[in-house]
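Architecture and fold: a report
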Amino acid sequence: MYRIAIKMLVGNGSKYLAMIIGVVFASLVITQQLSIFCGLMSRTFGFLSDTPEPDLWVMEPKVQFVDDIKPMAISRLWQVKGIDGVEWAVPLYKGIVRVRLEGGTFQNSNLIGIDDATLIGGPARMLNGTLADLRRADGIIVDQAGASKKLARLATESGRSVLIPASIGDQLEINDQRGVIVGVARVTRTFQSQPVIYTTFSRATRYAPAERKQLSFILVGLQAGADKTLIKKQIAEKLGLAAYTTDEFKDLSLLYFLRNTGIPINFGIAVLLAFLVGVAIVGQSFYSFTLDNLRYFGTLRAMGASNFLLLQMMALQAAVVGSVGFGIGSGIGSLFYYVSRNSELAFRMPWQVPFIAASAVVIISLLAALLSLRKIATLEPAMVFRF
Amino acid sequence: MKFDTAVYCDQLRKEYRSAEQTVLALSGVNLTIAGGEILMLVGPSGCGKTTLISVIAGTLRSDGGSCNVFGEDLNRLSEEELDNFRKKDVGFVFQAYNLIPTLTASENVAIPLLLGGMDFYAACKRAEETLELVGLYEKRSVLPINLSGGQNQRVALARAIVHRPRLIVCDEPTSALDAETGQLVMEVICRLAKERSTTLIIVTHDNRIFHFADRIVKMNDGRIVE
């Protein structure tokens, strides 16, 4: 009888289509909005994702997220190196500088200064040049997105204005000082979509506006078998500094944005609206479908089908609508993700996104079926003679 | 009750209650129908004909009296047993055919077999054989919307007999058909019922088909009057 249930559903083309469209719309919008939300949120800690080397990030305790820089004195670096279990500790500068472009305009950019000796903290994926090229005079590495857009040169070719991406050998004026591009790297886009410039720590502190303290973070590697929790505790108790693992620091940054910006509410409203529209379209269409078929459900009831069997058939119909709609909706969402994977769009689809969308579709299908449930559950076989 | 008695109703009562009023639909009906008999129930609208076949077919419970069908007191059966009784022993033919419009003729006919637990393909095969009995084998893959009224009613008839029930109830089977088609449908119904010794109860207003009946029972005000 399940085959009959599916034929009853699919054969009613317009209503079936309306239900499918409802679920597709809901699952697509939920998937897409949640993916953009995840993409935006992951950009808040993108720098941490691009810097996998340290076991611990040490900073001032009042730091709330990765861009909330509260500089420390350089002497803190030596104090951290003195903690038992610390294998290595290197300085890292992170700040915003103004870059003067060739046309005279200025572009705010993220400046990352990594340890001169070890180059720990540099970008993981070099597209052109090598990390070691930073040791060349005035060497800087720029991110690909920044190089091809915001740091690009405007030129005229055949009467048309074109952007010529910044490339190795080009010079940038950073805070009135010269920087020579020695490499291009791929990094996670920043939350504000500003270009990212890597250089050595000593050069970064020279580029940066003068401040008494210029050590943003201390990146720490631990000895094999060292107790991470104990070392974090020692850093906190002996030095009065905060130490986080990369994941903890990501969570801290993420929580800051979740709690202190309207982004979750805005995306939450979009997701809720998609859910409600889905419930309305699918619920109304499914109820109308059930009413259209009440005579036939009644006929089946008269011929000996139990109410339970009819409810199972209805549940199967709701499940088919939900599955097909979710498949198409999440498929379009995934296609969107695939197409935009190399673009500037903040789009990230961890497994939780389709899981949440699937859960929403299950709830939509259940609510739609529930609207019709009473009609089927109270169907008397004798009704069939009154149709 | 004789052994060959198919239906035996004794002082059958049925009331429909609403907030405003109570309508006595069956008021002490006594009726005996023999196995293989073709019985027509006639009478004015609202006299209780449809209620009576609903009770006999096990789709409605009576409020009083007893209704024995093939030796089973239907009032004593549980819901599940009543469902099984209808599934196994009763075939239905409705005035508006009640064929599921998105299923082909053979799939519609196969439904009683599927409800009985038969495999889909085996059920469709048996359904096609039954369609052949009513002269519609060629139309086995056609949707009801593409069939004429008479053809739809013959498909409905095939659905009513495919599982070889002992009782078939027909509610105004010819009222939506023209005279010629109605005669044709009745010929098929009665021929198959006779061949299979199936008890046939037909509710009708159509006096053009009275000659097919073994017996005609007239109802009025919830009672059998003739």
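Thresholds, definitions, all that
- Residues numbered from 1 in each chain as written.
- Chains lettered and ligands numbered in written order.
- Predicted model: local features only at pLDDT ≥ 70, side-chain atom pairs only at ≥ 80, totals over all residues.
- Heavy atoms only, no water.
- Pairing = 2+ DSSP bridges.
- Helix = DSSP H or I, 4+ residues; strand = E, 2+ residues; numbered from the N terminus.
- Contact = heavy atoms within 4.5 Å.
- Axes fitted to C-alpha atoms, helices over the stretch in contact; angles between N-to-C directions.
- pLDDT = per-residue confidence, 0-100.
- Buried area = accessible area lost by both parts, 1.4 Å probe.
- Salt bridge = Lys/Arg side-chain N within 4 Å of Asp/Glu carboxyl O.
- Nonpolar A, V, L, I, M, F, W, Y, C, P; charged D, E, K, R; others polar.
- Polar contact = N/O pair within 3.5 Å; in protein donor to acceptor, adjacent residues only side chain to side chain.
- Expected span 1.5 Å × (residues − 1).
- Patch = residues over 30% accessible without salt bridge, like charges linked within 9 Å, V, L, I, M, F, W, Y side chains within 5 Å.
- Areas by Shrake-Rupley, 256 points an atom, 1.4 Å probe, with all protein chains shown as cover.

Attention now moves to the sheet that holds strand β10 (residues 223-224) of chain B. In a beta sheet, neighbouring strands are held together by backbone hydrogen bonds and run either parallel or antiparallel to one another. Residues and elements named next belong to chain B. The mixed open sheet is built from six strands, whose spatial order is β6-β7-β8-β3-β9-β10. The sheet is open, and its two borders are formed by β6 (90-93) and β10, each paired with just one other strand. Here strand β9 (residues 215-220) pairs with β10 via two bridges, running antiparallel. Each bridged residue has a counterpart across the sheet, and for M219 the counterpart in β10 is I224. Against the sheet, helix α1 (residues 49-56) makes contact with β3 (38-42), β7 (167-171), β8 (199-203) and β9, and its axis sits at roughly 155 degrees relative to β7, the strand it touches most. Contacting β6 and β7, helix α2 (residues 79-89) runs over the sheet at an angle of about 70 degrees to β6.

Let us look at the confidence of the model for chain B. Considering every residue of chain B, the mean pLDDT works out to 86; 99% of them sit at 70 or more. In the predicted complex, the global pTM is 0.73; the interface-specific ipTM is 0.87.

This part takes up the interface of chain A and chain B. Each partner contributes residues to the interface: chain A has 22 residues there, and chain B has 28 residues. Together, the buried faces of chain A and chain B total about 2300 Å²; carbon and sulfur atoms form 68% of this surface. Counting every contact that joins chain A to chain B gives three salt bridges. Residue R301(A) pairs with D83(B) through a salt bridge whose shortest N-O separation is 3.0 Å. Secondary-structure elements contributing two or more residues to the side of chain A that touches chain B are α1 (2-11) and α10 (294-302) of chain A. Sorting elements by how many residues they give to the side of chain A that touches chain B places α10(A) first, with six residues. Of the residues contributing to the side of chain A that touches chain B, the split by class is 13 nonpolar, five polar and four charged.

Our next topic: the sheet that holds strand β2 (residues 22-34) of chain B. All names here are of chain B. The antiparallel open sheet is built from four strands, whose spatial order is β2-β1-β4-β5. Across the chains shown, the open sheet's two edge strands, defined by having one partner strand only, are β2 and β5 (72-73). On top of the sheet, α1 reaches β1 (5-17), β2 and β4 (64-69); it is set at about 60 degrees to β2, its chief contact.

Turning next to unusual backbone geometry. All names here are of chain B. In this model, F70 sits at a positive phi of 50 degrees, which is unusual for a non-glycine residue. Unusually for a residue other than glycine, Y97 sits at a positive phi of about 70 degrees. Within the element layout of this structure, Y97 appears in the loop between β6 and α3 (105-115).

Residues and elements named next belong to chain A. The residue S109 is located in strand β3 (residues 106-114) in this model. There is a polar contact of 3.4 Å between the side chain of S109 and the backbone oxygen of Q107. Excluding residues that lie within four positions of it along the chain, S109 makes contacts with G95, I96, V97, V99, L151, Q194, P195 and I197.

Attention now goes to the pattern of salt bridges. Applying the stated criterion to the full structure yields 24 salt bridges over all chains. Salt bridges linked by common partners bring R301(A), R61(B), E79(B), D83(B) and R86(B) together as one network.

A word on helix α8 (residues 246-260) of chain A. With 15 residues, α8(A) extends 21 Å between its outermost C-alpha atoms, agreeing within 8% with the 21 Å of an ideal straight helix rising 1.5 Å per residue. Close packing links the buried residues of α8(A) with α2 (13-44), α3 (46-49), β1 (56-59), β11 (217-222), β12 (242-244) and α9 (263-292) of chain A.

Next up on the list: a nonpolar patch on the surface. Taken together, the side chains of I265(A), I269(A), L272(A), L273(A) and L276(A) define a hydrophobic patch exposed on the protein surface, amounting to about 490 Å² of accessible area. Tracing the sequence through the fold places I265(A) in helix α9.

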